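What follows is the residue order along each chain.
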Amino acid sequence: ARFGVAFDVDGVLTRVPNAIPGAYEALSKLQAGGVPFCLMTNGGGATEASKAKSLSKLLGLDTPLVPEQICLCHTPMKALAKPGPESLKDETVLLVGKKYGQLKDIAETYGFTRAITVEELHARYPDMYNDMPPAVELDPSSVAAESDLKIKAILTMIDPIEWGRETQIVCDVLRSDGTVGTDVDTQVVAMHNSCSDFEYAARWPTPRFGAGAFRHSLEALWSALSGREMVQTLYGKPHPVQYDFVETLLSELPVVDASGEVVAGAVDRFYMVGDNPLTDLRGANIAGAHWNSILVRTGLWQGGPDDNDPADPADKVAEDVGAAVDWILEQEAAWK
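This report concerns the structure included in the present document. Since the model is a prediction, treat every value here as computed from it, not as a measurement.

Describing the overall build of the protein
Piece 1. Tallying secondary structure elements over the protein gives 9 helices and 17 strands in all.
Piece 2. Relative to the compact-globule value of 20 Å for 336 residues, the protein shows a C-alpha radius of gyration of 21 Å, a close match.
Piece 3. Its C-alpha atoms give the protein principal-axis dimensions of about 65 × 45 × 35 Å.
Piece 4. For the protein, the proportion of its 336 residues judged to be buried stands at 49%.
Piece 5. If you take every contact in the protein between residues at least 6 apart in sequence, the share linking residues at least 24 apart comes to 65%.
Piece 6. Here the protein holds 28 positive side-chain charges and 48 negative ones, and the gap between their average locations is 2 Å.

Quick notes on helix H9 (residues 321–335)
Piece 1. Taking 1.5 Å as the rise per residue, H9 with 15 residues should run 21 Å; its terminal C-alpha atoms sit 21 Å apart, in good agreement.
Piece 2. In this structure, the buried side of H9 is in contact with strand S1 (2–7), helix H1 (23–32), strand S15 (267–274), strand S16 (291–296) and strand S17 (316–318).

Points about the nonpolar core
Piece 1. With 44 residues, the main nonpolar core has Phe 112, Leu 121 and Ile 154 as its most contacted residues.
Piece 2. Of all the secondary-structure elements, those providing two or more residues to this core are strand S6 (92–96), helix H3 (100–110), strand S7 (114–117), helix H4 (118–124), strand S8 (153–156), helix H5 (163–174) and helix H6 (211–226).
Piece 3. Leaving out residues up to four positions away in the same chain, Phe 112 has contacts with Met 77, Leu 80, Ala 81, Leu 88, Lys 89, Val 93, Ala 107 and Leu 155.
Piece 4. In terms of nonpolar packing, the next biggest core, distinct from the first, is built from 30 residues, Val 12, Leu 39, Ile 294 and Val 321 among them.

Points about H6
Piece 1. With 16 residues, H6 should cover 22 Å at 1.5 Å per step; its first-to-last C-alpha distance of 23 Å lies within 8% of that length.
Piece 2. Along its buried surface, H6 packs onto S6, S8, H5, strand S9 (190–193), strand S11 (208–209) and strand S12 (232–234).
Piece 3. Within two residues after H6, Gly 227 carries a phi angle of roughly 75°, on the positive side.

With respect to the side chain of Ser 56
Piece 1. Assignment of secondary structure puts Ser 56 in helix H2 (residues 48–59).
Piece 2. When its relative accessible area of 7% is taken as the criterion, Ser 56 is described as buried.
Piece 3. Among the polar contacts listed, one links the side chain of Ser 56 to the backbone nitrogen of Leu 65, at a separation of 2.8 Å.
Piece 4. Setting aside residues no more than four positions away along its own chain, Ser 56 makes contact with Leu 61, Pro 64 and Leu 65.

With respect to the sheet that holds S1
Whenever strands of a sheet pair, they do so through backbone hydrogen bonds, lying parallel or antiparallel.
Piece 1. With parallel pairing, the 6 strands of this open sheet are ordered in space as S5-S4-S1-S15-S16-S17. If you trace the sheet from one side to the other, it starts and ends with strand S5 (70–71) and S17, each paired once.
Piece 2. Strand contacts of helix H8 (residues 277–287): S15 and S16, with the helix running at about 160° to S16, the strand carrying the most contacts.

With respect to the sheet that holds S7
Piece 1. Within the open sheet, the 5 strands sit side by side as S7-S6-S8-S9-S12. Their pairing is parallel. If you trace the sheet from one side to the other, it starts and ends with S7 and S12, each paired once. Looking at each pair of strands side by side, their axes are set apart by 25° on average, direction ignored.
Piece 2. Pairing between S6 and S7: 4 bridges, direction parallel.

Here's the deal with the environment of Arg 282
Piece 1. The topology assignment puts Arg 282 in helix H8.
Piece 2. Engagement of the side chain of Arg 282 in a polar contact is seen with the side chain of Asp 312, the distance being 2.8 Å.

Reading the values: the criteria
Residues numbered from 1 in each chain as written. Predicted model: local features only at pLDDT ≥ 70, side-chain atom pairs only at ≥ 80, totals over all residues. Heavy atoms only, no water. Helix = DSSP H or I, 4+ residues; strand = E, 2+ residues; numbered from the N terminus. Rg over C-alpha atoms; globule rule 2.2 N^0.38 Å. Buried < 20%, exposed > 50% of the residue type's maximum accessible area, 1.4 Å probe, protein only. Contact = heavy atoms within 4.5 Å. Lys, Arg positive; Asp, Glu negative; His and termini not counted. Charge placed at Lys NZ, Arg CZ, Asp CG, Glu CD. Expected span 1.5 Å × (residues − 1). Core = buried A, V, L, I, M, F, W, Y, C linked by side-chain atoms within 4.5 Å. Polar contact = N/O pair within 3.5 Å; in protein donor to acceptor, adjacent residues only side chain to side chain. Pairing = 2+ DSSP bridges. Axes fitted to C-alpha atoms, helices over the stretch in contact; angles between N-to-C directions.

Here it is, written out as structure tokens:
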């Protein structure tokens, strides 16, 4: 029986643009002990490979992270492109977020073959949003240019920059039967949304709006427009799909143990180290008794000396990620 650890990133390992003191030592300790761990963030909009590379550099790790150790808010969307009766692999999906070139790369690595972006749809139909000209030119050979274009699902991977344009176009697609410009009474187009954190800790003294703020705005405007609640699948912490995905990820992750052997296999005890009670801790607390939640004081939650979060209490409150890892190793030594 093995244990595994999931770390939030912002406020636990980093405070952009710096690593939090002790993060390098904490992760190095787990690497040396052959403990499977991953970085589980509600950030997104990049590939897992590029995130592994940039975080390895920022944290100064001697053994770089591998893409399989990164769970971004949209990483579990990979499952939507797996073969099967409900697969979206060869269906037209609309990508929503920022840096659309990167989002198309992500969709491609996940296995989606017919992904189009809000920018491409706007280029095809400039009158959908006439407050700004289209940002790109429509490629006549692209999926977005097909005469019988029918959108099956929307993948909102991260919050966009142009909220106005994206809100209008997403609502147009949601009110349609998949063919843009139609108007039906029930929601036919599926929504998969990984905009989770309402706020996050940054260098500014008060928290900043996160991607979840866009989701709240979109839901409110859709409700005002249609009189209905948006039907959607939610990704990111605290949603169960994320924790289920990480359980599988850590069990399948091959690690080198202290004797130099590569080991993998079922992980049955999990630790979540986070700074946000509403997402990190809530998700771990509802994931089941095989998850332990640890709250650190280096990010969003500051608390007091004997404090815990009243709404989403942690199993352990630690000063920082170093103290959190030491506590985990103590628990495991006692468990053995």
